[in-house]
Amino acid sequence: MLSVFLQVIRRDLLLAMRQKSDVLNTLFFFVVVVTMVPLGIGPEPALLRDIAAGVVWVAALLAAILSLPRLFANDYADGTLEQMLLSAEPLSLIVLGKAAAHWLTTGLPLTIMAVAFGVVFDLDVKATTVLVVSLALGTPVLSLIGSIGAALTLGLRGGGVLTSLLVLPLYIPVLIFGAGSVGAATSGLGVTAYFLLLGAFALSAAVLTPWAVAIALRISVE
Amino acid sequence: MTMSSVSVASSSRPGLFWFSSPQTFFPLAGKMTPWFFALAAVLGAFGLYIGFFVAPTDATQGEAYRIIFIHVPAAWMSMFLYLVMAFWAAIGLIMNTRMSSMMASAIAPTGALMTVLALVTGSLWGRPTWGTYWVWDARLTSELVLLFLYLGFLALQAAIDDPRRADRAGAVLALVGVINIPIIYFSVQWWNTLHQGSSVSLTRSPSMAATMLLGMLLMALAFWMYSIGTALHRVRSIVLEREKRAEWTRELLAQGRL
């Protein structure tokens, strides 16, 4: 069981390595979106410090959405996905592996890059740490819930925009507690509750979403 | 798996799945629709009369409060219809009954309409009462998110050409939405209390004149009847669209009963 999971991750990471531009474009998009905000709002440090966490989180949401089509689209196009559906191994396990690989190629780099944004937006060390931890806990949920949207819109016209319509409302709780944790930290409140909730979202998403994605994939490929 | 067709083909006796076939449900829905619309009109007329002429003027809000006779029933229906839609979608997914899935698709536009109505009337009420059309209150924000969920369901079904795939994909989305609605609602509520931006409270004085309550209940019933009537009317159109090449629709057309 575990070997299937690890094999899927290994394969998807290898594919991502062979096509670096896909992964890099997502990260580049994340950086550009965050950079646009001070240009639009103005360079006052106090204002930017207040909105930094929200901006980084919203940009992370958008970057995650943008990278969702590549979760299943290529496998669908070359027939690999059908083999996965026919496989004797549990489909939900394969899906979990794919979501994990997606997180390793988007969520994890975004989390690491957030350190730089903490510096750019003049956050103190504590707030930056909270921002990074909240992203580390929250971005797996983005990959997991997003994979439902990617599976449902597989092979449809205008799939990308449609996916974001379906998935963004479901991202709201993660956004609230992710960005909220930094706000709590800067105003001197405890952040444990936020981290616990984000962790709870991540764990329940890891248990429930692969099942929904497996059903959605069977519907879409049928 | 296809119980809908089996129940009609193998036995002529009405069973559990008798009306799960479009062929049997179509005439039934046709007979029921006018009744529900008539009830909606009568109840609505009484409710509006009580709301506008009988119910007393509110001590603090003046006449502006009278919009709640539309607003509250619309808000109730918007939430309730999502549950009904998800219920039929789930039945369609599990039992593979086509009629249930069509029912879910037929309910969605009415649900979205009720959500829009609740949002618009709410902001029209907010302007004279709070002095602003919109506040980022937990309830308002959740209602807006509910509208997004309806629109997502409609957009997904509209993007899929194969009706059976559209049914099932929509069902998965509706069920994921149902699980998420309480999580979204409580997160938004917590987010709102933490920000402490608006001190406006939606919870008003519990004492409500009996006539106000009566008017609101009548309007709520009228909205129920209207929603059922429209859903049935719309589901008939969906049936006709999907079954346009079936023998029984041709027969109905030949007999001039369409």
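Residues numbered from 1 in each chain as written. Chains lettered and ligands numbered in written order. Predicted model: local features only at pLDDT ≥ 70, side-chain atom pairs only at ≥ 80, totals over all residues.

Novice: Just to check I follow, could you spell out the overall build of chain B for this structure?
Specialist: Looking only at helices and strands, chain B has 8 helices and 0 strands in total. When the elements of chain B are put in sequence order from the N terminus, they spell out α-α-α-α-α-α-α-α. Looking at chain B as a whole, 40% of its 258 residues are labelled buried. Long-range contacts, defined here as pairs at least 24 residues apart, represent 76% of the contacts in chain B between residues at least 6 apart. (Helix = DSSP H or I, 4+ residues; strand = E, 2+ residues; numbered from the N terminus. Buried ≥ 20, exposed ≤ 12 C-beta atoms within 10 Å, placed from the backbone. Contact = placed C-beta atoms within 7 Å.)

Novice: Is there a simple way to explain the packing of helix H7 (residues 125-152) of chain A against helix H9 (residues 172-186) of chain A in this structure?
Specialist: Residue and element names in this part refer to chain A. Packing of H7 against H9 leaves a shortest axis separation of 9 Å and a crossing angle of 170°. Judged by the inter-axis angle, H7 sits roughly antiparallel to H9. Here Lys126, Ala127, Val130, Leu131, Ser134, Leu135, Gly138, Val141 and Leu142 of H7 lie close against H9, whose contacting residues are Val174, Gly178, Ser181, Val182, Ala185 and Thr186. Here the contact of H7 with H9 is built from residues that sort into 9 nonpolar, 5 polar and 1 charged. (Axes fitted to C-alpha atoms, helices over the stretch in contact; angles between N-to-C directions. Parallel < 35°, antiparallel > 145°, perpendicular 65-115°, else oblique. Nonpolar A, V, L, I, M, F, W, Y, C, P; charged D, E, K, R; others polar.)

Novice: Any chance you could explain the confidence of the model for chain B here in plain terms?
Specialist: Low pLDDT means the predicted coordinates in that region are not meant to be read closely. Residue and element names in this part refer to chain B. On average, residues of chain B score 85 in pLDDT, and 88% of them reach the 70 mark or higher. Residue range residues 1-11 is modelled with pLDDT below 50. Its contacts to residues more than four positions away, or to other chains, number 21 contacts. Ignoring residues within four places in sequence, the model shows residues 196-201, a span with pLDDT below 50, making 7 contacts including any to other chains. Overall fold confidence for the complex sits at a pTM of 0.88, while the interface term, ipTM, reaches 0.89. (pLDDT = per-residue confidence, 0-100.)

Novice: Just checking my understanding: could you explain unusual backbone geometry for this structure?
Specialist: Most peptide bonds are trans, and most residues other than glycine sit at a negative phi. Backbone geometry places Asp122 of chain A, a non-glycine residue, at a positive phi of 65°. Along the chain, the position of Asp122 of chain A falls in the loop between helix H6 (91-120) and H7. One non-glycine residue with positive phi stands out, namely Asn96 of chain B, at about 60°. Its place among the elements puts Asn96 of chain B in the loop between helix H3 (68-95) and helix H4 (98-130).

Novice: How should helix H8 (residues 247-254) of chain B be read in this particular structure?
Specialist: Every α-helical turn comprises 3.6 residues, leaving residues that sit three or four positions apart pointing alike. Across the 8 residues that make up H8 of chain B, only a small minority, 0, are buried. Gly256 of chain B, located one to two residues past H8 of chain B, shows a positive phi value of around 70°.

Novice: How do you make sense of the interface of chain B and chain A when you look at a structure like this?
Specialist: Interfaces are often sized by the amount of accessible area the parts lose when they come together. Counting residues at the interface gives 22 residues for chain B and 20 residues for chain A. For the side of chain B that touches chain A, the elements supplying multiple residues, two or more each, are helix H5 (138-159) and helix H6 (163-195) of chain B. It is H6 of chain B that provides the largest number of residues to the side of chain B that touches chain A, a total of 13 residues. In terms of residue class, the side of chain B that touches chain A is built from 17 nonpolar, 3 polar and 2 charged.

Novice: Explain the nonpolar core here, please?
Specialist: It is characteristic of soluble globular proteins that their nonpolar side chains tend to be buried jointly. Val56, Ala60 and Ala216 of chain A together with Met85 and Val172 of chain B are the most contacted members of the largest nonpolar core, which has 139 residues in total. If one sorts the elements of this core by residue count, H7 of chain A sits on top with 14 residues. Residues in contact with Met85 of chain B, not counting those within four places in the same chain, are Ala104, Ile107, Ala108, Gly111 and Ala174 of chain B. (Core = buried A, V, L, I, M, F, W, Y, C linked by C-beta atoms within 7 Å.)

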